[in-house]
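Chain residues, written in single-letter form:
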Amino acid sequence: MFCSLEVVESHPAASCHHHIDQTFDVLFPQPAPVVAADPHYIDGCRCGEPVSATGSLFTLKPPKSDGSNLEVYEDAWKTGVWSVMFKQPQLQIGRDYTPLPPVSSNVNGDECLRFFIRKDPFGEVSRYLHSLKIGAPIEVRGPRVECEIPPETQTILFIAGGTGIAPALQAGHTLLRRPDKGHKPRIHILWATRQREDCRGGYNDHTSAAPNGTRWSWLFRLFSSSQQIAKAPPSEAKIAVGTSAVVKELEALKAQYPGQVTVEYFVDEESTFIGKRSILDFTNSATFSLGQRNRNMILISGPEGFISYMAGPKQWAQGMELQGPLQGIIKDLNLHGWAVWKL
Ligand SMILES: Cc1cc2nc3c(=O)[nH]c(=O)nc-3n(C[C@H](O)[C@H](O)[C@H](O)COP(=O)(O)OP(=O)(O)OC[C@H]3O[C@@H](n4cnc5c(N)ncnc54)[C@H](O)[C@@H]3O)c2cc1C
């Protein structure tokens, strides 16, 4: 069941309020924790932040923050990658969107949800969302857990295309905030975007090609001296004017968990693409955590064609979306000891 909202104020890159109640409504084909959500409101005091010409950050806030949503969200954050559904009221259609990790000041008590939403000029719901004014009501339902990250997981390779970066940020948040069991987990993100604008200010922590033409292995970077690692741009560069809001999110995650998050950027218009080499550079380095089921995960998120190319298409059967067989370049790599999940 969806709940209604009301418009208070407007802004081109909208941000919203939300609230979840405990009404249960099974809408989704997959068995997953689902609760109905209440009206969310575009937040008049938090402007949506354009990430680029093609996407914006939205903030949703419940009309009244009484803490009732926190437990629901907290369970989802502990479990893995999750989404909520926004409804376009005129057409009565819904689409899924992925909350970004809470900003650190939000962790205790603030029930805001934040989203990175790509504006598709021909897309019904994304166009609707971008047209909302600050303070506008929006109907939200969720959360739905898309993929569990088991407690024993130590290493994630996240292959993201476009807005697939939102679940990558989620996976990082969920994995890295777990209590330290003597071994620091880590996440390596390969993010492919169409334009540099989408990831402006981002630099590669772990480049496939070193300046002298040799390849840098993950182990090299892991065990090399801090001086060598300091080849990354200075911190001022990370927050340079014009840095994309999503890159800022990635930098914030890195700052929160030093040495546990690395990112490589690939840009279509610069003809840099995620290939087998980028995947192997990372997976070859993770052999020390092989041997236990679910220790190492590869998660893939992005447009259908992107997922198919990487790991084969997902499939539909009996009204349910299934993973489908492993195909694509990840199958070709014949990796052992990695659980693969298509989001
Ligand atoms: C679990 C999950 C999480 C997601 N998280 C995010 C997120 O955090 N951020 C985000 O931006 N997106 C996310 N998405 C994608 C999002 O749900 C929507 O798919 C996206 O916003 C587009 O929806 P839309 O209604 O705007 O476009 P739609 O109306 O569905 O159209 C999509 C595209 O298809 C084209 N199209 C539609 N109908 C036809 C047709 N008959 N023939 C040819 N072309 C057609 C349209 O022109 C448009 O380009 C997520 C998706 C899932 C499944």
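Residues numbered from 1 in each chain as written. Predicted model: local features only at pLDDT ≥ 70, side-chain atom pairs only at ≥ 80, totals over all residues. Heavy atoms only, no water.

1. A closer look at helix H3 (residues 165-176)
Part 1 of the reasoning: For H3, spanning 12 residues, the distance from its first C-alpha to its last is 16 Å, which sits close to the expected 16 Å at 1.5 Å a residue.
Part 2 of the reasoning: Within H3, 12 of the 12 residues are buried, leaving the element largely enclosed by the surrounding structure.
Part 3 of the reasoning: Taken together, the buried positions of H3 are occupied by Ile 165, Ala 166, Pro 167, Ala 168, Leu 169, Gln 170, Ala 171, Gly 172, His 173, Thr 174, Leu 175 and Leu 176. (Helix = DSSP H or I, 4+ residues; strand = E, 2+ residues; numbered from the N terminus. Expected span 1.5 Å × (residues − 1). Buried < 20%, exposed > 50% of the residue type's maximum accessible area, 1.4 Å probe, protein only.)

2. Observations regarding the packing of helix H1 (residues 70-79) against H3
Part 1 of the reasoning: Taken N-terminus to C-terminus, the directions of H1 and H3 make an angle of 90 degrees; their axes are 7 Å apart at the nearest point. In terms of orientation, H1 lies roughly perpendicular with respect to H3. Contacts between H1 and H3 involve Trp 77, Lys 78 and Thr 79 on the former and, on the latter, Gln 170, His 173 and Thr 174.
Part 2 of the reasoning: Of the residues contributing to the contact of H1 with H3, the split by class is 1 nonpolar, 4 polar and 1 charged. (Axes fitted to C-alpha atoms, helices over the stretch in contact; angles between N-to-C directions. Parallel < 35°, antiparallel > 145°, perpendicular 65-115°, else oblique. Contact = heavy atoms within 4.5 Å. Nonpolar A, V, L, I, M, F, W, Y, C, P; charged D, E, K, R; others polar.)

3. Notes on the pairing of strand S12 (residues 261-267)
Part 1 of the reasoning: Summarising burial for S12: 7 of the 7 residues are buried, a large majority.
Part 2 of the reasoning: Taking every second residue as pointing to the same face, both faces of S12 are buried, with Val 261, Val 263, Tyr 265 and Val 267 on one and Thr 262, Glu 264 and Phe 266 on the other.
Part 3 of the reasoning: In this sheet, S12 lies alongside strand S11 (residues 186-193) in parallel orientation, the contact comprising 7 bridges. Among the inter-strand pairings, Ala 192 is bridged to a residue of S12, identified as Phe 266. (Pairing = 2+ DSSP bridges.)

4. As for the confidence of the model for the protein
Part 1 of the reasoning: For the protein, the mean per-residue pLDDT works out to 76, and 70% of the residues sit at or above 70.
Part 2 of the reasoning: Taken together, the stretch residues 1-37 has pLDDT below 50 and engages in 172 contacts with residues farther than four places along the chain or on a different chain.
Part 3 of the reasoning: Contacts from residues 207-238, a stretch scored under 50 in pLDDT, to residues over four places away or in other chains number 41 contacts.
Part 4 of the reasoning: For this predicted complex, the interface confidence score (ipTM) comes to 0.95, while the overall pTM stands at 0.81. (pLDDT = per-residue confidence, 0-100.)

5. Regarding the sheet that holds strand S13 (residues 296-301)
Part 1 of the reasoning: Across the sheet, which stays open at both edges, the 5 strands sit in the order S12-S11-S10-S13-S16 with parallel pairing between neighbours. The open sheet has two edge strands, S12 and strand S16 (339-342), and neither has a second partner. In this sheet, adjacent strand axes meet at a mean angle of 15 degrees when their direction is disregarded.
Part 2 of the reasoning: In this sheet, S13 lies alongside strand S10 (residues 155-161) in parallel orientation, the contact comprising 6 bridges. Across the sheet, residue Ile 156 finds its bridge partner in S13, namely Met 297.
Part 3 of the reasoning: Sheet strands in contact with H3 are S10, S11, S12 and S13, and its direction is about 175 degrees off that of S11.
Part 4 of the reasoning: Across the sheet, helix H9 (residues 304-311) touches S10, S11, S13 and S16, and the angle it forms with S13 is around 145 degrees.

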